[in-house]
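Chain by chain, the residues run as shown.
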Amino acid sequence: MKILRPISILMSCLMLTANAAAQISLTPPGTDTPPAAEKSAAKPKAKPPAQAKKPPAPAATAKPAPPVAAPVATVTPAPPPDDPNADLVYGAYQRGQYKTAFDLASKRAQDFSDPKAMTMLGELYANAMGVKRDYAKAADWYKRAADGGDREGMFALAMLRLGGRGGPVNREEAVKLLASSAKLGNPKAAYNLALLYLDGQTLPQDLKRAAELLRVAADAGNPEAQYALATFYKEGTGVPKDLDKAVRLLQAASLADNVDAEVEYAIALYNGTGTPKNEAAAVALLRKAAKQNSPIAQNRLARVLLSGQGATMDKVEALKWHIIAKTAGKGDPTLDEALATLSPEDRAKAQEGARIWLGNK
């Protein structure tokens, strides 16, 4: 089972928050006007079962898309540490021995009415692990687990109800399940419930409540929630505007490999906005995000390499990243003009580097 990704919900609802995105400039030459949303989504961004995943200045402006977003984490119910039998179920699941996990979980569900074993069975059926995919059976097991008080089962069933898998769409039931799961301390449930408050369709839009739920999930270490809440603090959405808090949250999310947070934190470091200026660290983060296929990072890295500010000037490498970003839809007329003077030999090297990169993606 997966987390709602901010793109499907937030891309529609966060338009009303001015696309809450990075508004920090890089110093390389030229200006750009980013499109309404510059992040590739996935699916409240929403990938499998529905998941409730960016102003011009004298320099480049980064505007990654609004929160969202999510890497697709499946429900991995943690067994009680004092129950060696439950540990066997989860251990088999972790090792990819799904048929064994299914058999062990079935026995525990039947003999002990173990809610966590029931959640495991729902997970196996929902993701075709060791058994044929069957959303109806997954929903049934998740419901049994939820009725038994398991917060992961509640969350998983809510996701099925939102996506209309294993039964008709039932948003009212999904909201109740998410609220119950969040109350029991599930950060994924708090995050996705926040997205529904942002959406304003399933629930009345309530930015303050959304911020509160994001804070719960962010404090629990959820990187998508940390990135989303950072955007709130940066824009003053549902919370008082606070760039220092925004940058701290971006730093935390970037340490957890949230690509959008890496880009925005890099730009904050580059410009010394809300944090001490550190161009070397900023460029390192931009390189990392560029290699993770962020068109915005690729574009900003190209600008840095062209200017030689914070990194050794390398126009061939700059053109390579510019071509890659442009292929992904992140064009930049300023870079087109600045790099037009490269020799045919250098242009050929850059084009070949871009071709190899794109071919290996």
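Residues numbered from 1 in each chain as written. Predicted model: local features only at pLDDT ≥ 70, side-chain atom pairs only at ≥ 80, totals over all residues. Heavy atoms only, no water.

**Regarding the packing of aromatic side chains**
Put simply, the rule reads: Think of it this way: a Phe, Tyr or Trp ring, Trp meaning its six-membered ring, pairs with another when their centres are within 6.5 Å, and the plane angle makes it stacked under 30 degrees, edge-to-face over 60, tilted otherwise. We count a stretch as a helix when DSSP gives it H or I for four or more residues in a row; a strand needs E for two or more, and each element gets its number in order from the N terminus. Note on criteria: charge over ring means Lys NZ or Arg CZ within 6 Å of the ring centre, with the direction from the centre no more than 35 degrees off the ring normal.
If you walk through the whole model with that rule in mind, you get four aromatic pairs. Taking 6.3 Å as the distance between ring centres and 10° as the angle between the ring planes, the aromatic pair formed by Tyr90 and Tyr93 counts as stacked. Taken as a pair, Tyr90 and Tyr93 lie in helix 2 (residues 84–94) at a separation of three residues, close to a single helical turn. Seen in terms of ring centroids, Trp321 and Trp357 are 5.2 Å apart; in terms of plane orientation they differ by 65°. Their pairing is edge-to-face. Of this pair, Trp321 sits in helix 15 (residues 315–327) while Trp357 is found in helix 17 (residues 344–360), placing the two residues 36 residues apart along the sequence. Seen from the ring of Tyr270, Lys277 lies directly overhead, with NZ or CZ sitting 5.6 Å from the centre.

**Describing the confidence of the model for the chain**
In plain terms, the rule: In predicted models, pLDDT denotes the confidence assigned by the predictor to each residue on a 0 to 100 scale. Contacts between residues were defined by any pair of non-hydrogen atoms, one from each residue, lying within 4.5 Å.
A residue-level look at the chain finds 76% of positions with pLDDT of 70 or above and a mean pLDDT of 82. Long-range and interchain partners of residues 1–25, a stretch whose pLDDT sits below 50, account for 153 contacts in this model, where long-range means more than four residues apart. Contacts of residues 27–82 to residues separated by more than four positions or lying in other chains number 245 contacts, the stretch itself having pLDDT below 50.

**A word on the packing of helix 10 (residues 223–235) against helix 11 (residues 243–255)**
Relative orientation and spacing of two packed helices are given, respectively, by the angle between their axes and the distance between those axes. Heads up, the rule is: The convention used is that axes are lines fitted to C-alpha atoms, helices contributing only their stretch in contact, and that angles between N-to-C directions extend from 0 to 180 degrees. Working definition: roughly parallel below 35 degrees, roughly antiparallel above 145 degrees, roughly perpendicular at 65 to 115 degrees, and oblique for all remaining angles. Helix crossings fall into two classes, left-handed where the near helix is turned counterclockwise from the far one by less than a right angle and right-handed where it is turned clockwise. By the convention adopted, Pro, Cys, Tyr, Trp, Phe, Met, Ile, Leu, Val and Ala count as nonpolar, Lys, Arg, Asp and Glu as charged, and the other residues, Gly among them, as polar.
Running from amino to carboxyl end, helix 10 crosses helix 11 at an angle of 160°, the nearest separation of the two axes being 8 Å. With respect to helix 11, the element helix 10 is oriented roughly antiparallel. In the crossing of helix 10 with helix 11, the sense of the turn from one axis to the other is left-handed. Residues Pro223, Gln226, Tyr227, Leu229, Ala230, Tyr233 and Lys234 of helix 10 form the contact with helix 11, whose own contacting residues are Leu243, Lys245, Ala246, Leu249, Leu250, Ala252 and Ala253. Tallied by class, the residues present in the contact of helix 10 with helix 11 amount to eleven nonpolar, one polar and two charged.

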